[in-house]
Amino acid sequence: MKKWTAGLVSVWLVVVLAACSSGKADSGTAGGGGSEDNVVIAYNNPPEWANWEKIHENFQKATGIRVPPDNKNSGQSLTALISEKDNPIADVVYYGIVFGPQAVEKDVVEGYKPQHFDEIPDDLKDPDGKWMTLHYGAIAFIVNTDVLGNTPVPKSWEDLLKPEYKGKVGFLDPTSAAVGYSVVAAANLAMGGTLDDWDKGFDYLKRLEANGAIHPKQTATAKVMKGEIPILIDADFNGYKMKYNDNAPIEVVIPSEGSLKIPYAISLVKNAPHKENAKKYLDYLFSDEGQSLFAGGFVKPIRNVDIPQETKEKFLPDSDYERAMSVDFVKMNDVQNDVIERWKSEVVSGN
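This one's a predicted model, so the numbers in the text were calculated from it and none came from an experiment.

Peer 1: Is there a simple way to explain the layout of surface pockets in this structure?
Peer 2: A probe as big as a water molecule, rolled over the atoms, marks out the empty space that is left. The volume enclosed by the largest pocket comes to roughly 510 Å³. The wall of the largest pocket is formed by 19 residues, among which Lys300, Pro301, Arg303, Asn304 and Asp318 lie closest to the centre. Those elements that place two or more of their residues in the lining of the largest pocket are β9 (300-301) and α13 (318-321). The residue makeup of the lining of the largest pocket, split by class, is 11 nonpolar, 1 polar and 7 charged.

Peer 1: Could you clarify how one ought to interpret unusual backbone geometry in this entry?
Peer 2: For residues other than glycine, phi is negative in most cases, and the peptide bonds are mostly trans. Here histidine 116, not a glycine, exhibits a phi torsion of approximately 75°, which is positive. Along the chain, histidine 116 turns up in the loop between β3 (109-110) and β4 (132-144). Here the phi dihedral of asparagine 247 falls at roughly 55°; this positive angle occurs in a residue that is not glycine. Residue placement: asparagine 247 occurs in the loop between α9 (236-245) and β7 (250-253).

Peer 1: Sorry if this is basic, but what is going on with the side chain of serine 259 here?
Peer 2: Within the secondary structure, serine 259 sits in strand β8 (residues 259-269). In terms of polar contacts, serine 259 uses its side chain to reach the backbone carbonyl oxygen of isoleucine 139, at 2.4 Å. For serine 259, the residues in contact, after removing those within four places along its chain, are Ala138, Ile139, Ala140, Ala186, Ile254, Arg323, Ala324 and Met325.

Peer 1: Before we go on, may I ask you to explain the nonpolar core in this structure?
Peer 2: Grouped burial of nonpolar side chains is what soluble globular proteins tend to show. Ranked by internal contacts, the top residues of the largest apolar core, which has 115 residues, are Trp52, Trp157, Ile266 and Leu285. Those residues in contact with tryptophan 52 that sit more than four places away from it in its chain are Asn44, Asn45, Pro46, Pro47, Tyr94, Leu134, Ile266, Tyr281, Leu285 and Phe294.

Conventions used here
Residues numbered from 1 in each chain as written. Predicted model: local features only at pLDDT ≥ 70, side-chain atom pairs only at ≥ 80, totals over all residues. Heavy atoms only, no water. 1 Å grid on protein atoms, 1.4 Å probe; cavity = no way out; pocket = protein on both sides within 12 Å on 5 of 7 lines; lining within 4 Å. Points joined across faces, edges and corners; volume = space filled by probe spheres on them. Helix = DSSP H or I, 4+ residues; strand = E, 2+ residues; numbered from the N terminus. Nonpolar A, V, L, I, M, F, W, Y, C, P; charged D, E, K, R; others polar. Polar contact = N/O pair within 3.5 Å; in protein donor to acceptor, adjacent residues only side chain to side chain. Contact = heavy atoms within 4.5 Å. Core = buried A, V, L, I, M, F, W, Y, C linked by side-chain atoms within 4.5 Å. Buried < 20%, exposed > 50% of the residue type's maximum accessible area, 1.4 Å probe, protein only.

Read these as layout, nothing more, since geometry by itself doesn't imply function.
This is the structure in structure tokens:
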């Protein structure tokens, strides 16, 4: 895999926004009970996202340390750390992977290597432990099988070009939604393109557009459930949540030609006010128990740990995730504006 580096703030912000609504952090002393010192203040841990609520419940039972919920998203969390740099409030911060290097650049995080740090792939962590991938998702097809009826579930990018899928495929508008740009990048990579050469990707996208592709500007999972967009190209975990939490007739597919990873990272805040508690918390998140609990929230653990069979069966096989690729996200960020302009002029011009 290629090395993951800083940049591409915009690519991950909307992905995280899909899971996190804006809000103020619990200060650690207001609400929820517990002493002022027996806490970890962690930015960006909405209870319903990635199984954070259960993780924090189990962590408190094991250690007596409370972790209040916080509904910031990645961008809001980094902004808060920068503004609080001289008097830190947070101990830990969680964000889309490219925010980690941004936080290092702003000097608001510090190194800590939790237990099992060596098991995290080198291209998914800072060598000094200033940020590290906790878990990940992937760009996938989210398919409403009831709406498709007797039409087969598509298994590849090429399948989506077939007449039977005309007007049935959508992904978020890449000019306004970061995950939409991720879909464009994933399609380009899958077609054999690179971050230096987007010709193959655009040839494909123009053919997909000619087959009636739909591009909503905001989160479209409700449209999938209603059948308005029978096939949505989006983050896999959104499909799993619809399938298992909402009991929707959904199938998740990682296309056969390849896809793109969506990793999430975590860091120890520089000069954290509850640093020793924060270290215990990070150790727990990377423990077998912590990693297994994340799988219960429909994200793939970064470590190869045993998870309950009933949870494992909800995911696609590991072999499918081997098709989710890594990229140089600095490069992807650098070319984003050019790619979007090309999208507007070549793919959707005149629409």
